[in-house]
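# A closer look at the structure
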Amino acid sequence: MKSLKKSGLIALCGMISSLCVALMFLTGVFPFATYAIPAMAGILLVILVVELSPGWALLTYIAVSLLSLIITPDKEAAVLFIFFFGHYPVIKSFLERLRSKIIEIPLKAVIFNICIVAGYLVVIHLFGISDVLDEMGSFGKYSALVLLAFGNVVFWVYDLALTRLISVYITWFRPKILRRFGK
């Protein structure tokens, strides 16, 4: 697909953007999917990273992020997309080009933790959730750390699943499905 004309590139980015925004809008229909839907929307950006370039994926991420702030009913999901799930597939493509797992793995963990903590600080201060943590008493002091630890475990599962989805896309979907469309 690298041979697409500029209008084709923009159309593909527009289609991926619209799919991402449609998914993000579904957080109003499925409020229990606050974490899953931004993750799925981010996975769609993998197509742009593989087929076009990380630059096109970043431009699409910016467009979806702005639209998500306006359209998405669940602002926490929008913040999760903006602070982590939207740009992680692009960052992952750069990190996995590193030759050393000793550098790659800690960098992924640091990026995840910085992004999630920053995102939740925005959510807490923007939506006033700090009162909820205070009302939990002594558990409230440690709940953020427990959730962050659990989030780290889920992150590694997500990273592995994303790696496998990328592999399936490149080795199976592109040759079997996109070949039928002349790509």
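A brief look at the structure comes next.

The rules behind each value
Residues numbered from 1 in each chain as written. Predicted model: local features only at pLDDT ≥ 70, side-chain atom pairs only at ≥ 80, totals over all residues. Heavy atoms only, no water. Helix = DSSP H or I, 4+ residues; strand = E, 2+ residues; numbered from the N terminus. Buried < 20%, exposed > 50% of the residue type's maximum accessible area, 1.4 Å probe, protein only. Contact = heavy atoms within 4.5 Å. Areas by Shrake-Rupley, 256 points an atom, 1.4 Å probe, with all protein chains shown as cover. Phe/Tyr/Trp six-rings, centres within 6.5 Å; stacked < 30°, edge-to-face > 60°. Patch = residues over 30% accessible without salt bridge, like charges linked within 9 Å, V, L, I, M, F, W, Y side chains within 5 Å. Salt bridge = Lys/Arg side-chain N within 4 Å of Asp/Glu carboxyl O. Core = buried A, V, L, I, M, F, W, Y, C linked by side-chain atoms within 4.5 Å. Axes fitted to C-alpha atoms, helices over the stretch in contact; angles between N-to-C directions. Parallel < 35°, antiparallel > 145°, perpendicular 65-115°, else oblique. Nonpolar A, V, L, I, M, F, W, Y, C, P; charged D, E, K, R; others polar.

Here the focus is the overall build of the protein chain. Along the backbone of the protein chain there are eight helices and zero strands. Across the 183 residues of the protein chain, 38% fall into the buried class. Across the protein chain, contacts joining residues at least 24 apart in sequence account for 73% of those joining residues at least 6 apart. Of the roughly 10,700 Å² of accessible surface on the protein chain, 75% is carried by carbon and sulfur atoms.

Below, the discussion takes up the side chain of Thr60. Mapped onto the fold, Thr60 is located in helix H3 (residues 54-71). Residues within four places of Thr60 in sequence aside, it is in contact with Cys13, Ile16, Ser17, Leu45 and Leu48.

Right, let's talk about the environment of Leu23 for a bit. Within the secondary structure layout, Leu23 lies in helix H1 (residues 6-25). Looking at Leu23, the relative accessible area reads 19%, which means it is buried. C-alpha separation for the pair Leu23 and Met40, spaced 17 residues apart in sequence, amounts to 7.8 Å. In this view, Leu23 contacts Ile37, Met40, Ala41 and Leu44; residues no more than four positions away in its chain are not counted.

Right, let's talk about the packing of aromatic side chains for a bit. For the structure on display, the rule yields 14 aromatic pairs. Considering the side-chain rings of Phe84 and Phe155, the 5.8 Å spacing of their centres and the 75° angle between planes classify their relative orientation as edge-to-face. Note that Phe84 is positioned in helix H4 (residues 75-85) and Phe155 in helix H8 (residues 138-176), a separation of 71 residues in sequence. A relative accessible area of 2% places Phe155 in the buried class. With a centroid separation of 6.3 Å and an interplanar angle of 45°, the aromatic rings of Tyr88 and Tyr158 are classed as tilted. Here Tyr88 is found in helix H5 (residues 88-95), whereas its partner Tyr158 is found in helix H8, with 70 residues between them in sequence. Pair check on accessibility: Tyr88 and Tyr158 agree, each one buried.

A cluster of nonpolar residues, Phe25, Leu67, Leu69, Ile70 and Ile71, forms a patch on the protein surface that exposes about 470 Å² of accessible area. The element best represented in the nonpolar patch is H3, accounting for four residues. With respect to the helices, strands and loops of the structure, Leu67 is situated in helix H3. Residue Leu67 is classed as partly exposed on the basis of its relative accessible area of 37%.

Among soluble globular proteins, nonpolar side chains are generally buried collectively. In this structure, Ile16, Cys20, Leu45, Leu48 and Phe81 are the most contacted members of the largest nonpolar core, which totals 23 residues. Counting residues per element, the ones that place at least two in this core are H1, helix H2 (36-51), H3 and H4. Counting residues per element, this core draws most heavily on H1, which supplies eight residues. Among residues more than four places away in sequence, those in contact with Ile16 are Leu44, Leu45, Ile47, Leu48 and Thr60. Core analysis: the second largest hydrophobic core is formed by 16 residues, Val46, Leu80, Phe84 and Ile116 among them.

Here we come to the packing of H1 against H2. Axis separation between H1 and H2 bottoms out at 9 Å; the angle between their running directions is 170°. Taken together, H1 and H2 sit at an angle that is classed as roughly antiparallel. Listed contacts from H2 to Leu12, Cys13, Ile16, Leu19, Cys20, Leu23 and Met24 of H1 are Ile37, Pro38, Met40, Ala41, Leu44, Leu45, Ile47 and Leu48. Within the contact of H1 with H2, the residues separate by chemical class into 15 nonpolar, no polar and no charged.

The next subject is the side chain of Asp159. One can find Asp159 in helix H8. Ignoring any residue separated from it by four or fewer positions in sequence, one finds Asp159 in contact with Tyr88, Lys92, Glu96 and Lys108.

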